[in-house]
Amino acid sequence: MSKATKRKHVVKEVLEDYVTPTEDQHIMRVLGSNGNNLHEAVTGSGEHFLVSMPTKVRKNIWIKRGDFVIVDPIKEGGKVKGEMSFILYRDHIQYLRKLGVWPEVFQEDRTSSERNEGTPKERSERKTDEEEGDSKSEDDDSDLFVNTNRATVLYSESEDETDEDEDDESDNNEEEGEDEGRA
């Protein structure tokens, strides 16, 4: 089977099959990639451990931080305690919520695509705000794409840094004045 044919079948299986987890399987949220097709994930009960991606979906399906997966536990596993059996997308999550199988801990969580789009109510509110012409601020970044693959870092300026910069400038000015006096 060629790579393209394999990819087509794997993608079709992931997107079109609706799977419910068995008693021994867990629905987990991916926290990040540790490399080598290993991902750190958390269960609904708060357990953190590594899960591996099966070889058939490697290089065909990508997952990122915040996505949900169904995991088969590996009982004899040391560090890696599970293997992804299914990757859940928005339609799969809605299906599992209707069945009542979705963990309560993840109820308010949304997939990365839902976060970017927002709920239909949020989108309609944004449209009405734009139509009214309320330009509260030109620097409003609420409509920008949110990259969920990067950790959020908050930067704060301290007054010490600005004081040091001013001191350096005043020292430079004094030195220039001394040089002019000598000439």
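A brief report on the enclosed structure follows. (Residues numbered from 1 in each chain as written. Predicted model: local features only at pLDDT ≥ 70, side-chain atom pairs only at ≥ 80, totals over all residues. Heavy atoms only, no water.)

### Focus on the overall build of the chain
What the chain contains, in helices and strands, is five helices and five strands. Beginning at the N terminus, the succession of helices and strands in the chain can be written as α-β-β-β-β-β-α-α-α-α. Across the 183 residues of the chain, 24% fall into the buried class. Contacts spanning at least 24 positions in sequence make up 56% of the contacts within the chain whose residues lie at least 6 apart. In the structure as shown, the chain presents an accessible area of about 13700 Å², 45% of it carried by carbon and sulfur atoms. (Helix = DSSP H or I, 4+ residues; strand = E, 2+ residues; numbered from the N terminus. Buried < 20%, exposed > 50% of the residue type's maximum accessible area, 1.4 Å probe, protein only. Contact = heavy atoms within 4.5 Å. Areas by Shrake-Rupley, 256 points an atom, 1.4 Å probe, with all protein chains shown as cover.)

### Looking at the environment of Asn34
Among the structural elements, Asn34 can be located in strand β1 (residues 26-35). Aside from chain neighbours lying at most four places away, what touches Asn34 is His39, Glu40 and Leu50.

### Description of a nonpolar patch on the surface
There is a patch of nonpolar side chains on the surface, built from Tyr18, Tyr95, Leu99 and Val101 and spanning about 350 Å² of accessible area. Examined against the element boundaries, Tyr95 turns out to sit in helix α2 (residues 90-99). In this structure Tyr95 comes out as partly exposed when scored by relative accessible area, which is 33%. (Patch = residues over 30% accessible without salt bridge, like charges linked within 9 Å, V, L, I, M, F, W, Y side chains within 5 Å. Salt bridge = Lys/Arg side-chain N within 4 Å of Asp/Glu carboxyl O.)

### A short note on α2
For α2, every residue scored as buried is listed here: His92, Ile93 and Leu96. Relative to the axis of α2, the buried residues are bounded by an arc of 100° and lie together on one face. Buried residues in α2 make contact with α1 (3-16), β1, β4 (68-73) and β5 (80-88). Looking one or two residues past α2, Gly100 carries a phi angle of roughly 80°, positive in sign. (Arc of directions from axis to C-beta.)

### Describing the packing of aromatic side chains
Tallying each qualifying case throughout the model produces four aromatic pairs. Clustering of aromatic rings is evident, with ring pairs tying together Phe68, Trp102 and Phe106. (Phe/Tyr/Trp six-rings, centres within 6.5 Å; stacked < 30°, edge-to-face > 60°.)

### Some details on the environment of Lys8
Looking at the element boundaries, Lys8 is found in helix α1. Distance from Lys8 to Asn60, taken between C-alpha atoms, is 8.8 Å for residues 52 residues apart in sequence.

### Structural notes on the pattern of salt bridges
Applying the stated criterion to the full structure yields one salt bridge. Here Glu13 makes a salt bridge to Lys56, at a shortest N to O gap of 2.9 Å. A residue pair is termed long-range when its members are at least 10 positions apart, and Glu13 in helix α1 and Lys56 in the loop between β3 (48-52) and β4 qualify at 43 residues.

### Comments concerning the side chain of Gln25
Its place among the elements puts Gln25 in the loop between α1 and β1. Looking at Gln25, its side chain comes within polar contact range of the main-chain nitrogen of Thr22, at 3.0 Å. A polar atom in the side chain of Gln25 sits 2.6 Å from the side chain of Asp72. Dropping the residues within four chain positions of it, Gln25 is found in contact with Thr20, Ile70, Val71, Asp72, Pro73 and Ser85. (Polar contact = N/O pair within 3.5 Å; in protein donor to acceptor, adjacent residues only side chain to side chain.)

### Some words on the nonpolar core
Membership of the largest hydrophobic core comes to 15 residues, with the highest contact counts inside it found for Met28, Val51, Ile61, Ile63, Val69 and Met84. When contributions to this core are tallied by element, the ones reaching two or more residues are α1, β1, β3, β4 and β5. Counting residues in hydrophobic clusters, the runner-up holds nine residues, among them Phe86, Leu88, Trp102 and Phe106. (Core = buried A, V, L, I, M, F, W, Y, C linked by side-chain atoms within 4.5 Å.)

### Re the side chain of Asn60
For Asn60, the position within the fold is in the loop between β3 and β4. Within polar-contact distance, the side chain of Asn60 engages the backbone oxygen of Lys56 at 3.1 Å. The contacts of Asn60, once residues within four sequence positions are left out, are Lys6, Arg7, Val10 and Val11.

Structural measurements only, silent on function.
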